[in-house]
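A closer look at the structure
One letter stands for each residue in the lines below.
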Amino acid sequence: MPQGAAMNALDALVQPDRVHRSIYTDADVFNAEMSKVFGGAWVYLAHESQVPDPNDFLASRMGLRPLIITRDSDGGLHALFNRCAHRASIVCQAECGSARRFQCSYHGWTYSNRGDLVNVPYPEGYPADFHKAGHGLAQVPRLGTYRGLIFGTLNLDAPSLAEWLGPAGPLIDGFVDRSPSGRIAVRNCQRMIYRGNWKLAWDNAGDGLHPTFAHRSFVILNERQHGGARSLSQFKASPDDTGMYGADLGNGHMFVDQRPGLHQSFWETQRPVPGREWYAAQIEQACGDDAADVLEVAPGSMINLSIFPNLLIKGNHFETVDPVSVAETRLHTWMVAAEGAPDEVNVLRMRIAEDFPSLGNPDDLELFERCQEGLAIAEVEWVDMSKGLGHDAEEVSADGVVRAPVTYEGPMRGYLRAWLELMSSDVKLTTAAAGEVTCEVAA
Ligand code: FES
Ligand SMILES: [Fe+2]
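Computed from a predicted model, the values in this text were never measured in an experiment. (Residues numbered from 1 in each chain as written. Chains lettered and ligands numbered in written order. Predicted model: local features only at pLDDT ≥ 70, side-chain atom pairs only at ≥ 80, totals over all residues. Heavy atoms only, no water.)

1. Focus: the coordination of the iron ion (ligand 2)
For the iron ion (ligand 2), every protein donor is listed as H210 (NE2), H215 (NE2), D364 (OD) and D364 (OD), and the spread of their distances is 2.1 to 2.4 Å. Classification of the site at the iron ion (ligand 2) as irregular follows from its 4 donor atoms and the range of 55 to 140° in their angles at the metal. In the primary structure, the donors to the iron ion (ligand 2) are separated according to the pattern H-x4-H-x148-D. With H215 in the loop between helix 7 (211-214) and helix 8 (216-226) and D364 in helix 13 (residues 361-375), this residue pair connects regions lying 149 residues apart in the sequence. (Donors = N, O, S within 2.8 Å, 3.2 Å for Na, K, Ca; no water. Tetrahedral: all angles 85-135°; square planar, octahedral: opposite > 155°, others 65-115°. Helix = DSSP H or I, 4+ residues; strand = E, 2+ residues; numbered from the N terminus.)

Structure (structure tokens):
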């Protein structure tokens, strides 16, 4: 299929058992995704704990659009486009901080953290009908929060955030409620970049077939060092005999549940991390009989919950998927603290959140780059995703969740159906000015 032709044949690109290579390689498909998916759908932007106090701000992105997430002096949230209303320069270069005002470093236009233009240097030169009120920072018109997670969409016709999340909502609750206070706090991140399309990471997030092979060296190293029955050992031999399953949650969201593959506490199966014994001893001393329950908050939740199109909740941390171009993607791994847990637990959570991303993600990223290289062969057009298709081991529950053994490729087929629906729809994107934003609290 020639470059560019893909957008005219979208329906043909996603078939029940296979997808066309061009959805990973075609620049026109990528540009349409940046509007219809990373604009038309609800996109994860940040967590409220990253802007906890009035006047806090944080840099973020919505697809290719740089954003400043701000909390104004009254506590209201805004997602401002980081794009000067004068001649388009990025206004804020800091990643986070506290500021009431943002001054563009090019010609000095200055904005409030609500996005209003508050000062223009040498104003006497402007025409009589130039009003500051019409030149604020454009912003994301619809925001929504769910258990502190902030989402935004440019599509006023998108469903409510609660509807969009659907059965993924209670699974987010399960992740957050492992924290003793029922609240989490997102801390700093570890950054990686790979030369491949963003959907290679999305495919992988619902892929329970790959760990046995892609992470084989990690599994072997793990067992040699620490013995069997450690996290990842469940993928060693026959993953589908363990009860682990994958699920298509609808709207592109996916779930992989590894919990049935483990027969001990998560803490017991967690691989050793630096300081494990010392921190555990502190907790045992401080918490006595409750120590085992307190320690259980430290390791991963043994789930992979993927909130389409850009948030992966994995283990005890978040990962965000940021497209850069059709063949380049940033992956950020965010440490997530359990508010109200002892500091020792949160240090352990941080060490554990460094474990798989440091030792396992390089396997995945290397394979994403190999896939992108293979996808460059124009004459070999199709990517197979047929495992489990039509198999009677697939179950559909009352809420529409399709669940199947963990090595089946149903979650990928499910998210690509949702992708196709979004990509085929007529989406009208819009921006707002200060004072025009709505923010819905879904939970
Ligand atoms: S581009 Fe920002 S003040 Fe000119
Ligand atoms: Fe992996």
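Having seen the structure, we can now continue with the description.
2. Looking at the state of the cysteines
For the structure shown, the criterion picks out 0 disulfides. Note on C92: no disulfide assigned, nearest cysteine sulfur contributed by C96 at a separation of 9.4 Å. (Disulfide = S-S within 2.5 Å.)

3. Quick look at the sheet that holds strand 16 (residues 303-307)
The antiparallel open sheet is built from 9 strands, whose spatial order is 13-19-18-17-16-15-14-22-21. Of all the strands in the sheet, just strand 13 (184-194) and strand 21 (395-396) have a single pairing partner and so form its edges. As judged from the 5 bridges shared by strand 14 (residues 245-250) and strand 15 (residues 253-257), these two strands associate in the antiparallel manner. Counted as the bridge partner of G250 is H253 from strand 15. Of the strands in this sheet, strand 13, strand 18 (317-325) and strand 19 (328-338) are in contact with helix 12 (residues 343-359), which crosses strand 19 at around 155°. Seen against the sheet, helix 14 (residues 410-424) touches strand 14 and strand 15 and runs at an angle of roughly 15° to strand 14. (Pairing = 2+ DSSP bridges. Contact = heavy atoms within 4.5 Å. Axes fitted to C-alpha atoms, helices over the stretch in contact; angles between N-to-C directions.)

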